[in-house]
Amino acid sequence: GNTAPGRHELVLRYGSPGARGGREVLLRSVVTVLPVTRPVESLTLDPAMVTPPAEALPRIARERGIVRQALGTASPVRMLRLPLNRPGQGELSSEYGIGRILNGVPKSPHRGLDLEAAIGDPISAAADGVVLLSGELYYAGNCVYLDHGQGLVTMYFHLSERRVEPGQRVARGQLLGLAGDTGRSTRAHLHFGVSALGRLVDPGPLLGYEVLP
């Protein structure tokens, strides 16, 4: 999200050079990053969700470490297929990359998709995977993180209930929990996020790609 516009070299390494008879393949390409102007949303929230009280700071720091570890997961086996399953049936209400002003304070851009939902609506897995995290976090509220292999992780925030546990294998379309408005939220909805090799990326194209062979 912070890459400057212009031409950049993209380097891809794959293979297993350390294994017997293995080899590493190196591919290079040049991509052009274009500037994009995004709209800005101004939201009013509980002040504790914008400027947390001092007693909440240790919890937030601890949870950031837990999330960082989850997003750094890169299981070797690919479990997903594209396009991803739509995790909720509601309309899109907030896109990836939109600017955010919370209680008058500029904050980081929105790094996911918001889908409209009523409390209790079913939320399902975007693809086959393993539950990395199922818990209640300060900002995300009740949430689920799924590992889909090769560094791709999906996230489901603000749930009212969680129906899966860490380590559990889930299938594409399986119920993960129920929509809610827990954590930093203005109303009931689903925040759906995707991380690739530890970087938050736009889930939109992954929901819309044609099925790969």
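Residues numbered from 1 in each chain as written. Predicted model: local features only at pLDDT ≥ 70, side-chain atom pairs only at ≥ 80, totals over all residues. Heavy atoms only, no water.

Novice: Could you give an account of the pattern of salt bridges, naming the residues involved and the relevant values?
Specialist: Using the criterion set out here, one finds seven salt bridges in the structure. A salt bridge links Arg-28 to Glu-9, with the nearest nitrogen and oxygen atoms 3.1 Å apart. Taken together, the positions of Arg-28 in strand S2 (residues 24–33) and Glu-9 in strand S1 (residues 6–15) put the pair 19 residues apart, joining distant regions of the chain. On the basis of relative accessible area, Arg-28 is assigned to the exposed category, the value being 51%. Residue Glu-161 is joined to Arg-163 by a salt bridge in which the shortest nitrogen-to-oxygen separation is 2.9 Å. Shared partners join several salt bridges into a network, and the residues in it are Glu-41, Arg-100 and Asp-114. (Salt bridge = Lys/Arg side-chain N within 4 Å of Asp/Glu carboxyl O. Helix = DSSP H or I, 4+ residues; strand = E, 2+ residues; numbered from the N terminus. Buried < 20%, exposed > 50% of the residue type's maximum accessible area, 1.4 Å probe, protein only.)

Novice: Report on a nonpolar patch on the surface, specifying residues and quantitative values.
Specialist: There is a patch of nonpolar side chains on the surface, built from Leu-12, Tyr-14 and Leu-27 and spanning about 300 Å² of accessible area. Locating Leu-12 in the fold gives a position in strand S1. (Patch = residues over 30% accessible without salt bridge, like charges linked within 9 Å, V, L, I, M, F, W, Y side chains within 5 Å. Areas by Shrake-Rupley, 256 points an atom, 1.4 Å probe, with all protein chains shown as cover.)

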